[in-house]
Amino acid sequence: MKLGVVGLPNVGKSTLFNAITHAGAEAANYPFCTIEPNVGVVAVPDERLDLLAKLYSSKKVTPAIVEFVDIAGLVKGASKGEGLGNKFLSNIRECDAIVHVVRCFEDSNITHVSNRIDPTDDIKTITLELILADIEAVDKRMDRIRNVARGSSNKEAAAEYALLERLERFLGGEKPARLFECTDEEKPFVDNLFLLTAKPVIYAANISEFDMGKPEDDIPFVAEVKKYAQSEGSEVLVICAKTEEELSAMAPEDAQMFLEELGLEESGLNRLIKKSYSLLGLISFLTAGEKETRAWTIVKGTKAPQAAGKIHTDFEKGFIRAEICDYKTLLECGGLTGAREKGKVRSEGKDYVIKDGDVVLFRFNV
């Protein structure tokens, strides 16, 4: 899962990204890696892994991972080359979802680019830049198929061109592509455009550290972000980037004490990852043993053979069956042997849909 972190200058985007990269460095048993200066990889928090690893005395624990990309260059006029220009476009296109950091705090020492705090205006500024880039992508596709579409013999090209005209008008009304309604037959044409505004968004409402622990409805500007997000069916996460950066530099036990003092159960980063998983319809199945306990990310609804293919293509090609036990039952039975003795291990075939938390042993023959 790759998430692009965007936001106007001085909204706390870099502070949040610093917290993310520090957290990655401390991720248990998963080495932090910087693919480029603006990319960090962190582990998906999953207490099930630790419990299973303890049960099996696993030598290695490998969590699922999330890749965060710090998208620089997003300013007014970015779609026309302002800031870092087109570089940010390619970075966003490669992401599965967007984390849009929105400033929801007052600080006279940190200048806002518009000289005022207005979360709705900030969101619209960046959204418009992405929409303008999408319009350009639609126009290019229309230019490419215009002559073919005008010929009466190619009905598919004509239908696609009509769809593109409709989509261009929709984007021209300053609406993101994720709100565009189309049929199941039309959807592949839209998907193939890889539009920036078609990606799901989580708005990270970045609040002051002095507002931590307060009811969200009592925090200035948060209601504005929630109202905007609700209008387009997007998610909102209230977070304090500065506090997250402090937490990421602490020892785990100190960080937990700090969170408890604030009346919080977990860090904003953990909540962000979980919300992103839910947003993209992702789940994890688990494999466990003495050598390694590991989480594997799949899309909800994935069947057993395709899940097996996540581990190795041979597992999918030669799939025979999957031996399934949910992790709680496995822990209660003291392992797979105990679960088998109690009849708690199920043998499932090719049509079985893997569930979140399934501990799986794949049987295959190639």
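Reading the values: the criteria
Residues numbered from 1 in each chain as written. Predicted model: local features only at pLDDT ≥ 70, side-chain atom pairs only at ≥ 80, totals over all residues. Heavy atoms only, no water. Axes fitted to C-alpha atoms, helices over the stretch in contact; angles between N-to-C directions. Helix = DSSP H or I, 4+ residues; strand = E, 2+ residues; numbered from the N terminus. Parallel < 35°, antiparallel > 145°, perpendicular 65-115°, else oblique. Contact = heavy atoms within 4.5 Å. Nonpolar A, V, L, I, M, F, W, Y, C, P; charged D, E, K, R; others polar. Phe/Tyr/Trp six-rings, centres within 6.5 Å; stacked < 30°, edge-to-face > 60°. Buried < 20%, exposed > 50% of the residue type's maximum accessible area, 1.4 Å probe, protein only. Lys NZ or Arg CZ within 6 Å of the ring centre and 35° of its normal. Arc of directions from axis to C-beta. Expected span 1.5 Å × (residues − 1). Bend = angle between axes of the 7 residues up to and from the residue. Pairing = 2+ DSSP bridges. Right-handed = clockwise from strand over helix to strand, strands pointing away. pLDDT = per-residue confidence, 0-100.

Moving on to the packing of helix H4 (residues 119–150) against helix H7 (residues 222–231). Put simply, H4 and H7 touch, their axes get as near as 8 Å, and they point 40 degrees apart. With respect to H7, the element H4 is oriented oblique. On the side of H4, the interface is formed by Pro119, Thr120, Ile123, Lys124 and Thr127, while H7 contributes Glu224, Val225 and Tyr228. Split into classes, the residues belonging to the contact of H4 with H7 amount to four nonpolar, two polar and two charged.

Counted according to the given criterion, the structure contains six aromatic pairs. Relative to Tyr228, the ring of Tyr203 lies with its centre 6.1 Å away and its plane at 90 degrees, an arrangement referred to as edge-to-face. Of this pair, Tyr203 sits in strand S6 (residues 201–206) while Tyr228 sits in helix H7, and the two are 25 residues apart along the sequence. The exposure class of Tyr203 is buried, given its relative accessible area of 1%. Each member of the aromatic cluster is reached from another via a ring pair, and the members are Phe285, Trp296, Phe319 and Phe362. The residue whose ring lies beneath Arg48 is Tyr327, and the NZ or CZ to ring-centre distance is 5.7 Å.

Time to look at H7. For H7, the complete set of buried residues consists of Val222, Val225, Tyr228 and Ala229. For H7, the angular spread of buried residues about the axis comes to 130 degrees, placing them on one side. Exposed positions of H7 whose direction lies more than 90 degrees from the buried face are Ala223, Lys227, Gln230 and Ser231. Phi for Gly233, located one or two positions after H7, is positive at around 70 degrees.

Here H4 spans 44 Å end to end across 32 residues, near enough to the 46 Å set by a 1.5 Å rise per residue. Residue Arg144 marks the point of greatest curvature in H4, where the axis turns by about 45 degrees.

Attention now moves to the sheet that holds strand S5 (residues 97–103). Two strands in a sheet stick together by hydrogen bonds in their backbones, pointing the same way (parallel) or opposite ways (antiparallel). Strand order in the open sheet formed by six strands is S2-S4-S1-S5-S6-S7, and the pairing between neighbours is mixed. Every other strand in the sheet has two partners, leaving strand S2 (39–43) and strand S7 (235–239) as the edge strands with one partner each. Put simply, the sheet's adjacent strands are angled 25 degrees from each other on average, direction ignored. Direction of pairing for S5 relative to S6: parallel, over a ladder of six bridges. By the bridge assignment, Val99 is partnered in S6 with Ile202. Taken strand by strand, H4 contacts S5 and S6, and its axis lies near 145 degrees from that of S5. Across the sheet, helix H10 (residues 268–279) touches strand S1 (2–6), S2, strand S4 (65–70), S5, S6 and S7, and the angle it forms with S7 is around 175 degrees.

Of all five residues in S7, four are buried, a share of seventy percent or more. In this fold, S6 hands off to H7, which returns the chain to S7; that crossover is right-handed.

For the chain, the average pLDDT comes to 86, and 89% of its residues sit at 70 or higher. In this model residues 25–35 is a low-confidence stretch, pLDDT under 50, and it forms 19 contacts with partners more than four residues away in sequence or in other chains.

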